[in-house]
Amino acid sequence: MTRIVFFLFCVLLTREVYSQQVTLDSAIVIAMRNSPSLAIYKNVVDIAGINNNYGIAGGLPVVQSVNTVSEQLTSLQQKYYNPLNNKSSMNASSNQLNAGVAATVPIYAGSRIVNEKNRLGVVVSQTQQQYISRVQTLIYNVMLKYYDIVRQQEYAKTLEASIKASRQRLEIVKQQQNVGVANDADLFQSQVDLNTQLQSLIAQQLVIDQDKTDLLTLMVLNPDSVITVKDTILVDKNIQLDSILSAAYQNPDIQAAYQQIQINEYIEKEVGSYRYPSVSGNLGYNFSHTSTPTGFNTLNQQYGPYVGLGLTIPIFNGGIYKRQQQIAGINVNTARLQKDTLMLNIHSTAVKNWQAYLNNLKQLETAKQNYDLSQKLLNLVLMKFNYKAATIVDVTLAQQSFESAGFQLVNVNYAAKASEIQLRRLASQLP
């Protein structure tokens with residue numbers, strides 16, 4: 001028995017000396033700073049910002065230079081009526097150089113460029129809203145795990161209080177045995193009950209340690225790190241459903257759903273613009289140089305600017321553009337249905353969490369009263385047991401009631417806090 005107590009004392013002391021205290025704010029900051037998923041999606045936001053450009057939308061001129069140089073060997077034989085004009089050469093070298101700069105300038109594309117640029121801008125806003133949603137989800141998970149550690153530690157305190165009562169009961173039995181008013185059965189039962197509660201405390205410590213490992217994982221820290229959490233669960237009792245529902249419609253997931261409708265509408269317009277004529281301007285400068293030592297012309301050189309217009313008129317392509325536009329229209333309708341479904345689910349989730357929040361607040365007051373009463377009952381029964389006015393069974397039942405009340409209190413308190421956190425998450429009001 002003494003060894004077990006000494007072992008627990010050493011473990012708890014070692015943890016206290018070498019552990020680092022973590023607050024809720026620090027846990028959130030570290031998790032956001034280290035989260036690889038947030039970093040990955042931040043890259044998605046950056047990519048969307050880079051793509052939001054008129055060049056990507058096809059609205060800027062395309063300029064390119066094409067240059068070729070060739071050397072060749074040419075054998076030539078020419079005969080004329082006048083033999084003096086006859087020419088003949090073998091493997092005569094010739095050189096040809098072509099260089100040019102060409103630019104294609106979009107003039108009219110059936111509003112395709114404008115719609116694509118607008119779509120790219122909406123994609124940027126959508127990725128930002130999705131990033132905010134992921135931040136809120138990470139904070140939500142950190143807060144739940146943090147307060148779960150607090151919950152488990154509070155229950156451990158209840159077990160420690162019950163163990164203290166068991167030790168007190170054991171000492172009373174020993175004193176009664178010394179004066180001959182208690183038997184060995186009472187002593188053995190008291191010792192067994194104390195050992196059982198010590199085992200329960202050790203098992204509860206495992207639950208706390210594993211919760212801390214989960215929190216460290218969310219913070220992307222070494223799971224072997226030793227941390228301490230010293231906090232209490234305080235539930236905000238002034239949350240109103242109307243304010244939550246009003247703010248929930250600004251939820252980043254709902255905003256992203258609205259923006260998906262806009263994106264699909266722009267895609268529908270883009271596809272439809274391919275069915276209209278497009279006009280582009282063409283201008284550039286060409287240079288051509290050909291040098292041949294034999295033949296009529298030994299040098300042929302041309303250069304100069306040019307300008308022109310290009311007109312593309314779609315006449316028939318098997319109805320592909322028409323069908324693509326119809327599909328894009330269906331996608332717009334699908335996005336609207338998805339948005340409506342999401343809004344209904346968020347509304348339903350908010351109402352259910354609000355109901356759970358109110359119910360847990362009502363239970364919380366009763367749970368606090370039961371805990372206080374069970375603690376007073378335990379103290380009273382121990383006092384009566386000291387004067388032989390109560391039996392060991394009475395003490396055991398009082399301890400069980402005390403532990404059950406403590407377990408109920410911390411669970412209801414945590415459930416109320418979890419409902420509060422979920423409501424704030426739906427309203428995008430997490431820190």
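Residues numbered from 1 in each chain as written. Predicted model: local features only at pLDDT ≥ 70, side-chain atom pairs only at ≥ 80, totals over all residues. Heavy atoms only, no water.

Chemist: Hey, could you go over the environment of Val135 for me, with residue numbers and the actual values?
Modeler: Structurally, Val135 can be placed in helix H4 (residues 112–178). For Val135 and Gln375, which are 240 residues apart along the polypeptide, the C-alpha to C-alpha distance reads 42 Å. When sequence neighbours within four positions are dropped, the list of residues in contact with Val135 reads Met32 and Leu38. (Helix = DSSP H or I, 4+ residues; strand = E, 2+ residues; numbered from the N terminus. Contact = heavy atoms within 4.5 Å.)

Chemist: Any details on the confidence of the model for the chain? Residues and values, ideally.
Modeler: Mean pLDDT over the chain: 89, with 91% of residues reaching 70 or higher. Here residues 1–17 is a poorly scored stretch, pLDDT under 50, and it has 16 contacts once near neighbours within four places are set aside; other chains count. (pLDDT = per-residue confidence, 0-100.)

Chemist: Residues and numbers for H4, please.
Modeler: With 67 residues, H4 should reach 99 Å at 1.5 Å per residue; the first-to-last C-alpha distance of 98 Å fits that figure. Gly180 occupies a position one or two residues after H4 and carries a positive phi of about 85°. (Expected span 1.5 Å × (residues − 1).)

Chemist: Any details on the pattern of salt bridges? Residues and values, ideally.
Modeler: Tallied over the entire structure, the rule returns 15 salt bridges. Its salt-bridge partner being Arg151, residue Asp148 comes within 2.4 Å of it at the nearest N-O pair. Separated by 3 residues within a single helix, Asp148 and Arg151 lie in helix H4, roughly one turn from each other. As far as the burial class goes, Asp148 and Arg151 line up, both buried. (Salt bridge = Lys/Arg side-chain N within 4 Å of Asp/Glu carboxyl O. Buried < 20%, exposed > 50% of the residue type's maximum accessible area, 1.4 Å probe, protein only.)

Chemist: Let's hear about the packing of aromatic side chains: which residues, and what values?
Modeler: Scanning all chains against the criterion turns up 6 aromatic pairs. Just above the ring of Tyr54 sits the side chain of Lys117; from NZ or CZ to the centre is 5.2 Å. Above the plane of the ring of Tyr414 lies Arg151, whose end atom (NZ or CZ) is 4.1 Å from the centre. (Phe/Tyr/Trp six-rings, centres within 6.5 Å; stacked < 30°, edge-to-face > 60°. Lys NZ or Arg CZ within 6 Å of the ring centre and 35° of its normal.)

Chemist: Describe helix H2 (residues 24–34), and please don't skip the residues or the numbers.
Modeler: Of the positions making up H2, those classed as buried are Leu24, Ala27, Ile28, Ile30 and Ala31. Along its buried surface, H2 packs onto H4 and helix H5 (184–218).

Chemist: Please set out the side chain of Glu403 residue by residue, giving values where relevant.
Modeler: Structurally, the position occupied by Glu403 is in helix H9 (residues 392–426). Notably, Glu403 is buried but unbridged: the nearest opposite-charge side chain belongs to Arg169, and the N-O separation is 9.4 Å. Sequence-distant contacts of Glu403, that is, excluding residues within four places in its chain, are made with Tyr155, Thr158, Leu159, Ser162 and Gln197. (Lys, Arg positive; Asp, Glu negative; His and termini not counted.)

Chemist: Summarise the side chain of Thr127; cite the residues concerned and give the values.
Modeler: Along the chain, Thr127 falls in helix H4. Within the local environment of Thr127, its side chain forms a polar contact with the backbone oxygen of Val124, the two atoms lying 2.7 Å apart. Those residues in contact with Thr127 that sit more than four places away from it in its chain are Tyr41, Val44, Val45 and Ala48. (Polar contact = N/O pair within 3.5 Å; in protein donor to acceptor, adjacent residues only side chain to side chain.)

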